[in-house]
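# Remarks on the overall topology
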Amino acid sequence: MTRPTTDQIWGWLDAVPDPEIPVISVVDLGIVRGVEWDGETLEVAVTPTYSGCPATTIIAFDIETALRDHGIDSIRIKTRIAPAWTTDWLTDKGRRKLETYGIAPPRAAGGPERCPHCKSEDVERISQFGSTPCKAQWRCTDCLEPFDYFKCI
Amino acid sequence: MDAALFEFLLRQGDNTLVLGHRVSEWCGVAPVLEEDIALANTALDLVGQTQMWLDYAAEVEGAGQSADDLAYRRDVWDFRSLLLLEQPNGDFGQTLMRQFLFDAFNVLNLRALEQSKDQRIAGIAAKAVKEALYHLDRSRETVVALGDGTAESNARMQAALNLLWPYVGEMFIADPVDLDLAQKGIAADPSTLRAAWDATLRPALTDAMLNIPEDDFAHKGGKTGARHSEHLGHMLAVMQSLPRAYPDARW
């Protein structure tokens, strides 16, 4: 069997959904930091979003499963802590998908630009934390819908 | 084994482990849902940071132990956490006051550790400081809101500050381990962080309409393990009960 190229593998990984926010892929999330062949072994470097994110082990497992489904048997998943993950690594495609899904994408200004539902810019914070470590709770003061905001770090 | 480095890493990991566990005790019983979630997320960050510190500690020790072994198989006297962090939660205000006192220190310490000559420590610190800054934003805001709230909430926050203040000094006491690592450029001398900590704390406590106690008496013995308060043993009895009852259990 010819060895798949790393470009091909990046494409496959882009089809692996994030377990907590399945609308975006692990590549969209910016946590896959490297894909390299080391002889016959494929080494994938993954960085955690938050130190205690419980999805981290599931993500490694999902990546391994996807690669095995594509016929790669020898896989090494490495955790890479530095440089630390930042929401700057979210892809543009990922940001768009988040908003369509109802999660306001991160912004350096520290809060959402607009309500992901009705697009009103009149929004207020409910809590700095949310349903997963990477999100906070906000509310639209126009349509009154609460929504998740992807924290900017 | 580099004994000073191992000791330092235990201190880092034990601080986040003990505080993380304490904060997690609120899970399911916090005053409102949003705060319950916030406390649980804070605990999760702290326990995640513990994993990074104790993983490295276990490697430096080189005795075949894992981070889990260090967390679950040591007894009270082997813990190197600050006395402040093992103090019981008290009410919600007291929990947030404890968090604020520590967050302000933690951010300064991690900022200094980002410059560590030990690349592994610098990497962990750079990761952890982002979370610590977020915690500090929230604990500072909550302490101010509760202090400058009602007569009842102000009285409770003042009582919390009075109760916890004697545990503040221990954070800044440098011992031979600190001085050895500071001299090698691996860690900060904690006594050098006090002025910046005061500069964070005092304006916030003033905004919170709280009086800073004048007495600077400091309890100590947690960081060196010489004398923990009675609370830590009770906490570990709960935290370690499962791995103690079922060693090597897996699921």
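Residues numbered from 1 in each chain as written. Chains lettered and ligands numbered in written order. Predicted model: local features only at pLDDT ≥ 70, side-chain atom pairs only at ≥ 80, totals over all residues.

This part takes up the overall build of chain A. Assigned secondary structure in chain A consists of three helices and seven strands. Shown N-terminal to C-terminal, the secondary structure of chain A runs as helices and strands in the order α-β-β-α-β-α-β-β-β-β. Viewed in the frame of its principal axes, chain A has a C-alpha envelope of about 60 × 25 × 20 Å. Long-range pairs, those at least 24 residues apart, make up 52% of the contacts in chain A with a sequence separation of at least 6. (Helix = DSSP H or I, 4+ residues; strand = E, 2+ residues; numbered from the N terminus. Contact = placed C-beta atoms within 7 Å.)

It is worth spelling out the overall build of chain B at this point. In terms of regular secondary structure, chain B is built from 11 helices and zero strands. What you see in chain B, going N to C, is helices and strands ordered as α-α-α-α-α-α-α-α-α-α-α. In terms of overall size, chain B behaves like a compact globule, its C-alpha atoms giving a radius of gyration of 18 Å where 251 residues would be expected to give roughly 18 Å. In terms of its C-alpha atoms, chain B occupies a principal-axis envelope of roughly 55 × 45 × 30 Å. Relative to all contacts within chain B whose residues are 6 or more apart in sequence, the contacts with residues 24 or more apart total 72%. (Rg over C-alpha atoms; globule rule 2.2 N^0.38 Å.)

Turning our attention to helix α2 (residues 56-69) of chain A. Residues and elements named next belong to chain A. For α2, built from 14 residues, the straight-helix expectation of 20 Å at 1.5 Å per residue is met to within 8% by its first-to-last C-alpha distance of 20 Å. Turning to α2, its buried residues number three or more, namely T56, I59, I63 and L67. Each buried residue of α2 sits inside an arc of 65° when the element is viewed along its axis, so together they form one side. Exposed residues on α2 whose side chains face more than 90 degrees from its buried face are T57, F61, T65, R68 and D69. Next to the buried residues of α2 lie α1 (6-13), β2 (41-46) and β3 (75-79). At the C-terminal side of α2, G71 shows a positive phi close to 90°. (Expected span 1.5 Å × (residues − 1). Buried ≥ 20, exposed ≤ 12 C-beta atoms within 10 Å, placed from the backbone. Arc of directions from axis to C-beta.)

All names here are of chain A. Taken domain by domain, chain A consists of domain 1 (6-85) and domain 2 (90-150). The straight-line distance from the C-alpha centre of domain 1 to that of domain 2 is 26 Å. Listed per partner, the contact involves 12 residues of domain 1 and 11 residues of domain 2. Of the residues contributing to the side of domain 1 that touches domain 2, the split by class is seven nonpolar, three polar and two charged. (Domains from an automatic or database assignment. Nonpolar A, V, L, I, M, F, W, Y, C, P; charged D, E, K, R; others polar.)

This part covers the interface of chain B and chain A. Tallying the contact residues gives 21 residues for chain B and 15 residues for chain A. Sorting the residues of the side of chain B that touches chain A by element identifies α2 (33-61) and α6 (119-147) of chain B as the ones contributing at least two each. Ranked by the residues each element gives to the side of chain B that touches chain A, the list is headed by α2(B), at 11 residues. Among the residues making up the side of chain B that touches chain A, the classes are represented as nine nonpolar, five polar and seven charged.

Residue and element names in this part refer to chain A. Bridging between strand β5 (residues 123-127) and strand β6 (residues 135-140) involves four bridges; their strand directions are antiparallel. In the sheet register, R125 faces β6, and the bridge partner there is W138. Summarising the sheet, β6 and strand β7 (residues 146-150) pair through five bridges and their orientation is antiparallel. Note that in β7 the partner of A136 across the bridge is Y149. (Pairing = 2+ DSSP bridges.)

Strand order in the open sheet formed by four strands is β4-β7-β6-β5 (chain A), and the pairing between neighbours is mixed. Each edge of the open sheet carries a strand with a single partner, namely β4 (103-104) and β5 of chain A.

Let's shift gears to the packing of helix α1 (residues 3-24) of chain B against helix α8 (residues 176-183) of chain B. Residues and elements named next belong to chain B. Two elements in contact, α1 and α8, have axes separated by 9 Å at closest approach and are oriented at 110°. Between α1 and α8, the angle falls in the class roughly perpendicular. Between α1 and α8, the contacting residues are A4, E7 and F8 on the first element and V177, D180 and L181 on the second. Tallied by class, residues from the contact of α1 with α8 come to four nonpolar, no polar and two charged. (Axes fitted to C-alpha atoms, helices over the stretch in contact; angles between N-to-C directions. Parallel < 35°, antiparallel > 145°, perpendicular 65-115°, else oblique.)

A few words on the environment of B:P203. All names here are of chain B. Here P203 shows up in helix α9 (residues 194-207). According to the C-beta neighbour criterion, P203 is exposed, with 12 such atoms within 10 Å. Along the sequence, P203 and T142 sit 61 residues apart, while their C-alpha atoms lie 14 Å from each other.

Here chain B averages 97 in pLDDT, while 100% of its residues score no lower than 70. With a pTM of 0.94, the predicted complex shows an ipTM of 0.89. (pLDDT = per-residue confidence, 0-100.)

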